[in-house]
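What the coordinates show
Residues per chain are reported as follows:
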Amino acid sequence: MKFNDMLKKKKKENTDTTENMNTAEQENLNENGQEQAQPETTEATTAEVVSAEDKLKEELAQANDKYLRLYAEFDNFRRRTIKERAEARETEGKELLVALLPVLDDFERAQRSMENAVDVAPVKEGVTLIQNKLKNILGQKGLKEMTAIGEPFDADLHEAITNIPAPTDDLKGKVMDEMEKGYYLKDRVIRFAKVIVGA
């Protein structure tokens, strides 16, 4: 019985020793494996960092390219706009001037006919026709005459030159006479009427 106990004890010790050896070997293998795995992980991490860095550099290059293109487009737009504005300023009155050229031609014809005219009535009639033509052309461009005589004085529309005594009480504070007509251009005052006001 003692022998059997000793045999069992010996087997148990051998088993424990083998297990301890296996555990130690396994730990050594694990440590070696981890050491070998670590360089692979480090290499993989470095590769990831390098690829992420390259990707960021590429994105930055694309963003810079887009910025430069946008800046160039804006600069071209700005230059084109400045050029167009300058051209528009140079020719802004062209349409009106072209419309007034026939009136100028009419005045030249009237002047030639006045040199040989004996009767004043036809000359007067010709000048009236030219004036009406001029008013029609300016009216088509948005110019309107201001009616001031008999209207109450309005500082937003009229410029009072002087006051005269009003013949009746109902004309006090109203426009009695007009020295220069006032004009609207599309409902905006472009020239105030110079008027004489009743006091």
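Figured I'd write up the structure that's included with this text. Keep in mind that this is a model prediction, so the values were computed, not measured. (Residues numbered from 1 in each chain as written. Predicted model: local features only at pLDDT ≥ 70, side-chain atom pairs only at ≥ 80, totals over all residues. Heavy atoms only, no water.)

1. Quick notes on the overall build of the chain
Each helix and strand in the chain was counted, giving three helices and six strands. For the chain, the α and β elements follow one another from N to C terminus as α-α-α-β-β-β-β-β-β. Taken over 199 residues, the chain has a buried fraction of 10%. Residue pairs in contact within the chain that sit at least 24 positions apart in sequence constitute 64% of those at least 6 positions apart. Counting only carbon and sulfur atoms, one obtains 55% of the accessible surface of the chain, whose full area is about 16,700 Å². (Helix = DSSP H or I, 4+ residues; strand = E, 2+ residues; numbered from the N terminus. Buried < 20%, exposed > 50% of the residue type's maximum accessible area, 1.4 Å probe, protein only. Contact = heavy atoms within 4.5 Å. Areas by Shrake-Rupley, 256 points an atom, 1.4 Å probe, with all protein chains shown as cover.)

2. Topic: the pattern of salt bridges
Within this structure, the stated rule accounts for 14 salt bridges. A salt bridge links arginine 79 to aspartate 75; its shortest N-O distance comes to 3.1 Å. You can see arginine 79 and its partner aspartate 75 sitting in helix α1 (residues 2-90), four residues apart, about one turn around the helix. Judged by relative accessible area, aspartate 75 falls into the buried class, the value being 15%. Here aspartate 106 and arginine 109 are joined by a salt bridge, their closest N and O atoms 2.4 Å apart. Placement of the pair is aspartate 106 and arginine 109 together in helix α2 (residues 94-116), with a separation of three residues, close to one helical turn. You can call aspartate 106 buried: its relative accessible area is 13%. Arginine 109 sits in the partly exposed class, given a relative accessible area of 47%. One network of salt bridges, in which partners are shared, links Lys135, Glu145, Glu178 and Lys181. (Salt bridge = Lys/Arg side-chain N within 4 Å of Asp/Glu carboxyl O.)

3. Describing the packing of α2 against helix α3 (residues 120-140)
α3 packs onto α2 with a crossing angle of 175 degrees between their chain directions and a minimal axis gap of 10 Å. Comparing their axes, α3 and α2 come out roughly antiparallel. Contacts between α2 and α3 pair Leu96, Ala99, Leu100, Pro102, Val103, Asp106, Phe107, Ala110 and Met114 from the former with Val123, Ile130, Lys133, Leu134, Ile137 and Leu138 from the latter. A class-by-class count of the residues in the contact of α2 with α3 yields 13 nonpolar, no polar and two charged. (Axes fitted to C-alpha atoms, helices over the stretch in contact; angles between N-to-C directions. Parallel < 35°, antiparallel > 145°, perpendicular 65-115°, else oblique. Nonpolar A, V, L, I, M, F, W, Y, C, P; charged D, E, K, R; others polar.)

4. Let's talk about the side chain of glutamate 178
Within the fold, glutamate 178 resides in strand β3 (residues 175-180). For glutamate 178, a relative accessible area of 17% corresponds to the buried category. Apart from residues lying up to four places away in sequence, glutamate 178 is in contact with Met146, Ala148, Ile149, Ala193, Lys194 and Val195.

5. Side note on α2
Over its 23 residues, α2 extends 34 Å from the first C-alpha to the last, a length consistent with the 33 Å expected when each residue adds 1.5 Å. Of all bends in α2, the biggest is about 30 degrees, found at leucine 100, and the proline proline 102 comes one to four residues later. Taken as a whole, α2 has its buried residues at Val103, Asp106 and Ala110. On the buried face of α2, the contacting elements are α3. (Expected span 1.5 Å × (residues − 1). Bend = angle between axes of the 7 residues up to and from the residue.)

6. Notes on unusual backbone geometry
Most peptide bonds adopt trans geometry, and most residues besides glycine take a negative phi value. Although it is not a glycine, lysine 186 adopts a positive phi angle of roughly 50 degrees. Position of lysine 186 among the secondary structure elements: in the loop between β4 (183-185) and β5 (188-191). The residue aspartate 187 is not glycine, and still its phi comes out positive at about 70 degrees. Its place among the elements puts aspartate 187 in the loop between β4 and β5.

7. A closer look at the sheet that holds strand β6 (residues 193-198)
Spatially, β2-β6-β3 is the arrangement adopted by the three strands of the open sheet, whose pairing is mixed. Edge positions in the sheet fall to β2 (158-164) and β3, since each has one partner strand and no second. Ignoring which end each strand starts from, the neighbouring axes of this sheet average 30 degrees apart. Summarising the sheet, β2 and β6 pair through six bridges and their orientation is parallel. The residue bridging glutamate 159 from the neighbouring strand is lysine 194, located in β6. (Pairing = 2+ DSSP bridges.)

Just distances and angles here, no functional claims.
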